[in-house]
Amino acid sequence: MSVLWTIFVVQSILLALNSNLGSAENATAIFDEDGNLVVGLVIVHEREQQNVPALASRAIRSFLAQTKGVSVFDYYIAYNRDHVIFNDNMELCSAVQKGATFLLDFTWTDTNRIMSAADNFNIPYIHADASPQTFLKVMETYLRARGANDVVYIFDSPENADMAIYFLITESQLRTIIFDRLSDNAIERIKSVRPYPSFFAIIANTSQMGVLFRRALQGGLVSKPDKWNLIFMDVETESFEHHETFPAMSRLLVEKSTCCMLLNMEDGCTCPVEFKPWEAHLENVVQKVLQQALHDQLPLVAQEDCSVVGSSATADISGLLRDLRVDERFWMPDGSRMLRYNLNVSIWSSTEEDEAEAIRVGSIAKGVVVPSEGNRIKATKRYFRVGTTESIPWAYRQRDPQTGEIILDEAGQPIWEGYCIDFLRQLSKVMSFDYDLVWPKKGTFGMRDKAGNWDGLIGDLVVGEIDFAMASMKMTAEREEVVDFVAPYFEQTGILIVMRNPVRETSLFKFMTVLRLEVWLSILLAIVATAVMLWLLDKFSPYSAKNNKQAYPYECRDFTLKESFWFALTSFTPQGGGEAPKALSGRTLVAAYWLFVVLMLATFTANLAAFLTVERMQTPVQSLEQLSRQNRIKYTVVKNSDTHDYFKNMKNAEDVLYQMWRNLTLSSGNDQAQYRVWDYPIKEQYINILSAIESAKPVDSAEAGFKRVNERLEADFAFVHDSAEIKYEISRNCNLTEVGEVFAEQPYAIAVQQGSHLQDELSFYILELQKERYFESLTAKFWNNSMRGVCPNTDDSEGITLESLGGVFIATLVGLALAMVTLAGEVLYYRRKDRQTKLVQVEPAAAETPNNKSKKEKQQSLNFKNMLNLDPKNNLNKVVDKNIPKEITIGSKFVPASEKQQKISYISVFPRNPIH
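So, how was this worked out
Residues numbered from 1 in each chain as written. Predicted model: local features only at pLDDT ≥ 70, side-chain atom pairs only at ≥ 80, totals over all residues. Heavy atoms only, no water. Helix = DSSP H or I, 4+ residues; strand = E, 2+ residues; numbered from the N terminus. Contact = heavy atoms within 4.5 Å. Areas by Shrake-Rupley, 256 points an atom, 1.4 Å probe, with all protein chains shown as cover. Patch = residues over 30% accessible without salt bridge, like charges linked within 9 Å, V, L, I, M, F, W, Y side chains within 5 Å. Salt bridge = Lys/Arg side-chain N within 4 Å of Asp/Glu carboxyl O. Pairing = 2+ DSSP bridges. Axes fitted to C-alpha atoms, helices over the stretch in contact; angles between N-to-C directions. Disulfide = S-S within 2.5 Å. Buried < 20%, exposed > 50% of the residue type's maximum accessible area, 1.4 Å probe, protein only. Phe/Tyr/Trp six-rings, centres within 6.5 Å; stacked < 30°, edge-to-face > 60°. Lys NZ or Arg CZ within 6 Å of the ring centre and 35° of its normal. Parallel < 35°, antiparallel > 145°, perpendicular 65-115°, else oblique. Left-handed = near helix turned anticlockwise from the far one by under 90°. Nonpolar A, V, L, I, M, F, W, Y, C, P; charged D, E, K, R; others polar. Expected span 1.5 Å × (residues − 1). Core = buried A, V, L, I, M, F, W, Y, C linked by side-chain atoms within 4.5 Å. pLDDT = per-residue confidence, 0-100. Lys, Arg positive; Asp, Glu negative; His and termini not counted.

Colleague: Would you mind showing me how to read the overall build of the protein chain here?
Modeller: Helix and strand counts for the protein chain come out as 26 helices and 25 strands. Expressed as a percentage of contacts within the protein chain between residues at least 6 apart in sequence, the contacts between residues at least 24 apart total 70%. For the protein chain, the exposed surface amounts to about 50,000 Å²; the carbon and sulfur share of it is 54%.

Colleague: Is there a simple way to think about a nonpolar patch on the surface in this case?
Modeller: Taken together, L517, L521, L524, V528, V532, M533, L536, F540 and L561 make up a surface patch of nonpolar side chains, about 790 Å² in accessible area. The dominant element in the nonpolar patch, judged by the number of residues it contributes, is helix 14 (residues 517–540), at 8 residues. As for its position among the elements, L521 is in helix 14.

Colleague: Quick question: what am I supposed to make of the sheet that holds strand 23 (residues 717–722) here?
Modeller: An order of 22-23-21-24 is seen for the 4 strands of this open sheet, with the pairing classed as mixed. Unpaired on one side and paired on the other, strand 22 (634–636) and strand 24 (736–748) mark the two borders of the sheet. Adjacent strand axes in the sheet meet at a mean angle of 20 degrees when their direction is disregarded. In terms of strand pairing, strand 21 (residues 490–500) meets strand 23 through 5 bridges, oriented antiparallel. Directly across from L496, in strand 23, lies its bridge partner H721.

Colleague: Even after reading the chapter, I still don't get the state of the cysteines, so can you show me in this structure?
Modeller: Each disulfide consists of a covalent bond between the sulfur atoms of two cysteine residues. All chains considered together, the criterion is met by 2 disulfides. Across the disulfide, C259 is cross-linked to C271 (sulfur-sulfur distance 2.2 Å). On the sign convention where negative means left-handed, the S-S torsion of about 100 degrees between C259 and C271 marks this disulfide as right-handed. In this pair, C259 sits in helix 9 (residues 256–262) while C271 sits in the loop between helix 9 and helix 10 (277–296), placing the two residues 12 residues apart along the sequence. Each member of the pair, C259 as well as C271, is classed as buried. Covalently, C260 is tied to C269 through a disulfide, its sulfur atoms 1.9 Å apart. Taking the sign of the S-S torsion, -110 degrees for the link of C260 and C269, the bridge is left-handed.

Colleague: I keep staring at the sheet that holds strand 14 (residues 368–371) and nothing clicks. Help me out?
Modeller: Adjacent strands of a sheet form backbone hydrogen bonds with each other and so pair up, either parallel or antiparallel. With respect to topology, 8 strands assemble into an open sheet ordered 6-5-7-8-9-12-13-14, the strand pairing being mixed. A single partner strand is all that each edge strand has here, and the edge strands are strand 6 (175–180) and strand 14. Neighbour-to-neighbour, the strand axes of this sheet turn through a mean angle of 20 degrees, independent of strand direction. Of the pairings in the sheet, the one linking strand 8 (residues 228–232) to strand 9 (residues 250–254) comprises 3 bridges and is parallel in character. Pairing of N229 across the sheet is with S250, part of strand 9. Strands in contact with helix 5 (residues 133–145) are strand 5 (150–155), strand 7 (200–204), strand 8, strand 9, strand 12 (345–349), strand 13 (359–365) and strand 14; relative to strand 8, the strand with the most contacts, it is inclined by about 150 degrees. Helix 7 (residues 184–191) contacts strand 5, strand 6 and strand 7 of the sheet and is inclined by roughly 165 degrees relative to strand 6.

Colleague: Honestly, unusual backbone geometry in this entry has me stumped. Any pointers?
Modeller: The general pattern is negative phi for most residues beyond glycine and trans for most peptide bonds. Across the junction of I392 and P393, the peptide omega takes the value 5 degrees, indicating a cis bond. Of note, P393 is situated in the loop between strand 15 (382–387) and strand 16 (396–397). For S432, which is not a glycine, the phi torsion comes out positive at approximately 55 degrees. Notably, K697 is not glycine yet its phi reads approximately 65 degrees, a positive angle. Relative to the elements of secondary structure, K697 occurs in the loop between helix 19 (685–696) and helix 20 (702–711).

Colleague: How should the pattern of salt bridges be read in this particular structure?
Modeller: Opposite charge on two side chains permits pairing when their charged atoms draw close. Per the stated rule, a full pass over the model turns up 28 salt bridges. The salt bridge involving R214 is made with E241; its shortest N-O contact spans 2.9 Å. Note that R214 is positioned in helix 8 (residues 206–218) and E241 in the loop between strand 8 and strand 9, a separation of 27 residues in sequence. On the accessibility criterion, R214 (34% relative accessible area) is partly exposed. Given the relative accessible area of 46%, E241 is considered partly exposed. The salt bridge partner of E563 is R557, with a shortest N-O separation of 2.8 Å. Note on E563: relative accessible area 23%, which makes it partly exposed. Classification of R557 as buried rests on a relative accessible area of 14%. Taken together, the salt bridges that share partners define one network made up of D129, K137, E171 and R340.

Colleague: Explanation requested: the packing of aromatic side chains in the structure shown.
Modeller: The description of an aromatic ring pair uses the distance of the two centres, along with the angle that the planes make with each other. With the rule as written, the count across this model stands at 45 aromatic pairs. Between Y728 and W783 the ring centres are 6.3 Å apart and the planes differ by 75 degrees, which places this aromatic pair in the edge-to-face class. Remark: W783 occurs in helix 23 (residues 774–784) and Y728 occurs in helix 21 (residues 723–732); sequence separation between them is 55 residues. Neither residue differs from the other here; Y728 and W783 are each classed as buried. Taken together, the ring pairs in this structure connect W394, Y419, F423, Y489, F490, Y728, Y748, Y774, F775, F782 and W783 into an aromatic cluster. The lysine or arginine in question, K227, covers the ring of F199, its NZ or CZ lying 5.9 Å from the ring centre. Cation over ring: R397 sits above W439, and NZ or CZ is 5.6 Å from the ring centre.

Colleague: Before we go on, may I ask you to explain the packing of helix 12 (residues 419–431) against helix 23 in this structure?
Modeller: Look at helix 12 against helix 23: their axes get within 10 Å of each other, and the N-to-C directions meet at 150 degrees. As judged from the angle between their axes, helix 12 and helix 23 are roughly antiparallel. Note that helix 12 runs across helix 23; the crossing there is right-handed. Between helix 12 and helix 23, the contacting residues are Y419, D422, F423 and Q426 on the first element and Y774, F775, L778, T779, K781, F782 and W783 on the second. Each residue belonging to the contact of helix 12 with helix 23 can be placed in one class, and the counts come to 7 nonpolar, 2 polar and 2 charged.

Colleague: Before we go on, may I ask you to explain helix 8 in this structure?
Modeller: Every α-helix carries 3.6 residues per turn, so stepping three or four residues along brings you back to the same face. Over its 13 residues, helix 8 extends 18 Å from the first C-alpha to the last, a length consistent with the 18 Å expected when each residue adds 1.5 Å. Here helix 8 has its buried residues at T206, M209, G210, L212, F213 and A216. Where the residues of helix 8 are buried, they touch strand 5, strand 7 and strand 8. Of the residues trailing helix 8, G220 is marked for its positive phi of about 75 degrees.

Colleague: In this structure, what is going on with the nonpolar core? I would like to understand it.
Modeller: Counting residues in each nonpolar core, the largest one holds 38 residues, and the members touching the most others are F135, Y153 and L252. Ranked by residue count, the leading element in this core is helix 5, at 6 residues. When sequence neighbours within four positions are dropped, the list of residues in contact with L252 reads V138, M139, Y142, L230, I231, F232, V345, S346, I347 and I364. Judged by nonpolar contacts, the second largest core, of 36 residues, contains Y419, C420, I750 and L778.

Colleague: Can you walk me through the pairing of strand 18 (residues 433–438) in this structure?
Modeller: The two faces of a sheet get side chains in turn, since along a regular strand they alternate between them. Most of strand 18 is tucked away: 5 of the 6 residues are buried. Summarising the sheet, strand 15 and strand 18 pair through 6 bridges and their orientation is parallel. Counterpart to G387 in the pairing with strand 18 is V438.

Colleague: Teacher, can you tell me more about the pairing of strand 9 here?
Modeller: Of all 5 residues making up strand 9, 5 are buried, and the element is well covered by its neighbours. Side chains of strand 9 alternate between two faces, with S250, L252 and V254 and R251 and L253 buried alike. When strand 9 meets strand 12, the two strands line up antiparallel, connected through 4 bridges. Looking at strand 12, one finds that R251 is bridged to W348.

Colleague: Explanation requested: the confidence of the model for the protein chain in the structure shown.
Modeller: In low-pLDDT segments, the atomic positions of the prediction should not be examined closely. When pLDDT is averaged along the protein chain, the result is 81; 82% of the residues meet or exceed 70. Confidence, expressed as mean pLDDT per element, reaches its minimum in the protein chain at helix 1 (residues 3–17) with 38 and its maximum at strand 7 with 95. Predicted confidence is poor over residues 1–26, with pLDDT under 50, and the contacts of this stretch with residues over four places away or in other chains come to 34 contacts. Considering only residues more than four positions removed or in separate chains, one finds that residues 867–888, a stretch of pLDDT under 50, has 19 contacts.

Colleague: Explain the side chain of D460 to me, please; I cannot follow it from the model alone.
Modeller: For D460, the position within the fold is in helix 13 (residues 456–463). The side chain of D460 is buried and forms no salt bridge, while R385, the nearest opposite charge, is found at 7.2 Å. Non-local contacts of D460, meaning those with residues more than four positions away in its chain, are made with P440, E465 and I466.

As structure tokens, this is what we get:
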């Protein structure tokens, strides 16, 4: 039945039954002349949905071909959103004047305008989806099941992107950004989105899905596959090439049972190639409405004056709505008036137990996410962009120890380490979030320019480039004006001074440096002079033991020149020089010499102890005040660092105080006289410190500062920096030492945007970690694990080292070597002399006759008898003067001892006491 013919029939019936329709309304069922129920359908659609009239007409024709007793009047209105009031729409008014049974709304979003117009004319109203919008609804249902808060939607066409906007305005609860296709510009815009999205979703058919995902890969957007969610709008998805490439990625696949269900076919049917669920849904809605109109004999509502509100009651369609909700083909979400098509969707992804393989983890039907048996929908963690900057040991990038180049991971990103990185890793576990580390493009922690703009981490927080900053950032009043801080994670850190341990010249003969060369030469000259004088005095003094044998008849020390030198040398030892000379002159010389020895030994011992002690206890400066008062040691800070700002602020404070004091003392008021003093009462310490820092030129980084200190072997340079970093560097560098105490202490804390919801949450978990003593173990990892145990002991704190007194041992070893050489010489000399003696004795014995030998023996015997018959009055000197043989044999025959072959008895005769 053509539309024109239907209109003609309806108009004829209305005119016949209501000759005076004027302002009256007709709310009864209308039948044509053939007894067919007249049903009027007013279908409203978007102007972009140009295929809706054709699809609806096809559905009506299909229904009429299968159903008898009904004729349909269909009228199509392209909705114009510029109209504030839909009642005055001329097309709608024309349709109402002819009569309408149902108003079907296929626009993209619920609109009160169309529904209000239907209520005004008492026409039953149904809003149904005739677009891919339901796929968007299914995706949002899945994302919310995963705990999503925000998402970037990517569509395959501008039309679908426009459609999605209306849905997101009215129904979405996620923070959403929409892109149609993925151009280079779109990729850059996605990368610059702040806060960075936690989820990405692509809604497209299989062919376009491959193109879009490939563009995302090439643009570097798929760094975290588990954040990506793909929903395919067609059934045949086998051609998608990345099903197994990224198992953690979620893929929502429309099952073939959906096709059979929406096409009213049996399970296992063959799905058409160009199957579109929303087109099948439109036909199902139209036919369902027509069936309900025929079943309930719904009236045809007609009204000639569109400006008058209808007075008859709207037909009851609660039964229709109830049937639609239980029908498996339809889905009406809770809280929505949109009748959507049902999609049976299977969810494919990896599980938390096995992330290497994608499996069917669940399904979605009528907006309900149902996990598969034994699995559960993996709730994706929140995602944050965390800002940090290099500051050892808090956060630093791994570098090649040989070349110093930054080491990159598989994704081409630097690998970060440090206290803050470990802390961030622990926070991500307890708070369940993923993160990417971001470092400032300009600056480090943050500096404010004259215009009030910040750079560094503070600037990134202000503009939303990062969600929070995890670095060695101090809480300052200036920073708290633009950002918020959470509970401190490192209670107190401050400023400290680091210097290099001086490189002392090590010498094995360091003990020799106690006295100057001229002193050593003087001592040597004194020894020589004393030895020579002692020899001369003993030789020429008439009272010496050598020249006065009557006074000293027993054996006395003979002070030859050699013996005198030995006496002078041994007098320097605790053993002493031995027997002293007998003459008074010699003893006077020895007494003076011994006094000299005592004084020199005492002087050397005291100077050596003082020399070694002062050397290892010497410290150039002890505090910042001492550092500021001297000029030999230069010092500096990191340029524009917190330490640099501290000295600038202290210098400015001193300037202001000086101006206040000057104004106070120069005031002419009598009440200010008590403040008038000649000298400025406040020390200008920080003015001098800042001036010295500027003259030494601040360094660009802490690494450069430590390097500069380490290069000054004479310990004439100091670096003033953060105390925690200095202590860490000292624990790993044997050459460095800290000077003085920590000053200007402040805590470290995480910075967040002002009013951020993360502030309370981060503070809570930091306090929880403190209860678990986590920070103590983390501090021990970086500061207690020191390398100082393997450092050489350069300060002699446990005693004097071998390097200082090794020369003493060398001298002893040299003496030992000389003794061994001397021994060898003595042995050789003795053997040679012994051979010569034997040779001399043998030759005369061979030439001697028996008569001569007998005479010789008689003479020796006579001499011995004479020696034994000495006059008692003769003294020992006479005995000594006699020619007494050295070897005496008692017997009938004299035989030298050297020639004896058997036992020989020797008698050595020497009086024990002088002979009177």
